[in-house]
Amino acid sequence: MPGDADHFDARPTKPRVVVVPSSQAPRPRDEILAGLAAPRPAIAPKYFYDDLGSRLFEAITQLPEYYLTRTEASILSGHLPEIVREAGGEGATLVDVGAGNCQKAARLFSALRPARYVAVDIAVGFLAASLECLQRDFPDIEMLGVGIDLSAGLRLPPMDERGRRLLFYPGSSIGNFAPDDAIALLRQFREAAGPEGALLIGVDLIKETTLLDAAYDDPLGVTAAFNLNVLLHVNRLAGTDFDVRKWRHAAFFDPVSSRVEMHLEARADVTVGWPGGGRRFKAGDRIHTENSYKYTLEGFGAMLRDAGFARSRAWCDPRGWFAVLLAQAR
Ligand code: AVI
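All figures in this text were calculated on a predicted structure; none of them were measured in a lab.

**Some remarks on helix α5 (residues 103-112)**
- Every buried residue of α5 is listed here: Ala105, Ala106, Leu108, Phe109 and Leu112. The buried residues of α5 all sit within an arc of 160° when viewed along its axis, so they share a single face.
- Positive phi appears at arginine 113, one or two residues downstream of α5, with a value of about 40°.

**A closer look at the packing of aromatic side chains**
- Within the structure shown, the criterion is met by 14 aromatic pairs.
- Ring centres 4.8 Å apart and planes at 90° place the aromatic pair phenylalanine 109 and phenylalanine 138 in the edge-to-face group. One end of the pair, phenylalanine 109, is in helix α5; the other, phenylalanine 138, is in the loop between α6 (124-137) and β4 (142-147), and 29 residues separate them in sequence.
- Exposure remark for phenylalanine 109: the relative accessible area of 2% places this residue in the buried category.
- With a relative accessible area of 27%, phenylalanine 138 lands in the partly exposed category.
- One aromatic cluster in this structure is built from Phe48, Tyr49, Phe57, Tyr66, Tyr216 and Phe226.
- Seen from the ring of tryptophan 321, arginine 319 lies directly overhead, with NZ or CZ sitting 3.6 Å from the centre.

**What to know about the site of the ligand**
- In the vicinity of the ligand, 14 residues are found, and the nearest of them are Tyr66, Asn176, Tyr216, Glu290 and Ser292.
- Contact distances for the ligand include 2.5 Å between an oxygen atom and a side-chain N or O atom of tyrosine 66.
- Take glutamate 290: an N or O atom from its side chain is 2.7 Å from a nitrogen atom of the ligand.
- Elements with a contribution of two residues or more to the shell around the ligand: α3 (51-60), α9 (222-238) and β11 (286-293).
- Partitioned by chemical class, the residues of the shell around the ligand number seven nonpolar, six polar and one charged.
- Counting contributing residues, the shell around the ligand receives three or more from each of domain 1 (28-56 + 209-293) and domain 2 (61-205 + 295-328).

Definitions and limits used
- Residues numbered from 1 in each chain as written.
- Predicted model: local features only at pLDDT ≥ 70, side-chain atom pairs only at ≥ 80, totals over all residues.
- Heavy atoms only, no water.
- Buried < 20%, exposed > 50% of the residue type's maximum accessible area, 1.4 Å probe, protein only.
- Helix = DSSP H or I, 4+ residues; strand = E, 2+ residues; numbered from the N terminus.
- Arc of directions from axis to C-beta.
- Phe/Tyr/Trp six-rings, centres within 6.5 Å; stacked < 30°, edge-to-face > 60°.
- Lys NZ or Arg CZ within 6 Å of the ring centre and 35° of its normal.
- Near = heavy atom within 4 Å.
- Polar contact = N/O pair within 3.5 Å; in protein donor to acceptor, adjacent residues only side chain to side chain.
- Nonpolar A, V, L, I, M, F, W, Y, C, P; charged D, E, K, R; others polar.
- Domains from an automatic or database assignment.

Next up, the structure:
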């Protein structure tokens with residue numbers, strides 16, 4: 001039937017997903033084993049995000065204790081027309097850094113009406129599946145997926161210009177970088193945004209320790225599962241023989257460094273082996289898996305200025321727990 005053929009032709013194609021290889025990013029196996037052998041053993045938080053880890057993170061965002069995602073969403077939805085106006089209106093290229101399931105950006109689509117959506121994430125398989133679903137809901141927006149290890153820098157593939165650029169970095173993911181690295185990354189965002197562009201970023205603010213501790217150590221144990229799952233991912237990537245049952249989740253806010261730290265703590269003496277080596281851990285020894293820095297509004301504003309942003313505006317929730325900032329490159 002002609003009608004059916006028309007319908008078939010109009011069906012959106014799968015969004016293109018490209019992987020940007022980085023010459024600066026160390027090979028996962030080398031990076032992981034160096035981290036495990038270090039005097040203060042550590043695993044980089046980017047290794048949380050295999051398929052299961054990405055899903056566990058989605059579950060975290062639904063926890064009553066994890067206020068970040070919900071609070072940010074309420075700020076964005078409460079001020080959307082104003083934010084879009086400040087960001088230069090409709091028709092931009094929206095570059096979503098650390099896109100995950102792409103849902104946060106999708107909530108901006110109706111007001112922002114981007115000409116193009118570029119979703120960037122390290123978990124390429126999860127990103128591709130998320131983009132494919134989104135493209136079905138928004139067939140008129142051109143979509144591109146970019147697989148990138150952000151810890152080695154933001155390098156976008158060459159694209160013809162489509163409106164000015166709005167970089168979107170929600171969820172306080174900037175908090176997972178140490179302040180100096182965060183400023184370096186913000187500088188890269190400014191460069192990627194171009195002179196006419198802007199950055200829309202979510203930042204978690206300093207608050208009562210009990211609230212922060214609960215957000216990263218929930219009674220259901222979802223964050224514990226998210227943290228422990230990194231060991232399964234590392235076993236696959238680096239050939240280690242971690243037994244998840246021998247480790248426990250530990251998370252706490254350190255007011256001196258203004259960060260929530262996550263660790264995996266050995267429940268008893270344990271030896272972890274890998275091809276060509278291994279390490280003995282005593283009961284109570286820890287592997288550092290993540291930092292999540294918390295800022296004051298003034299402190300984060302100063303970081304944006306250090307990164308070269310000309311001016312910024314901030315919106316907060318009524319409790320002052322979270323901030324969304326729009327920073328103009330020029
Ligand atoms: C992705 N990132 C902003 C989360 C955070 O809050 O630092 C990761 C996370 N770790 C434990 N819970 C959530």
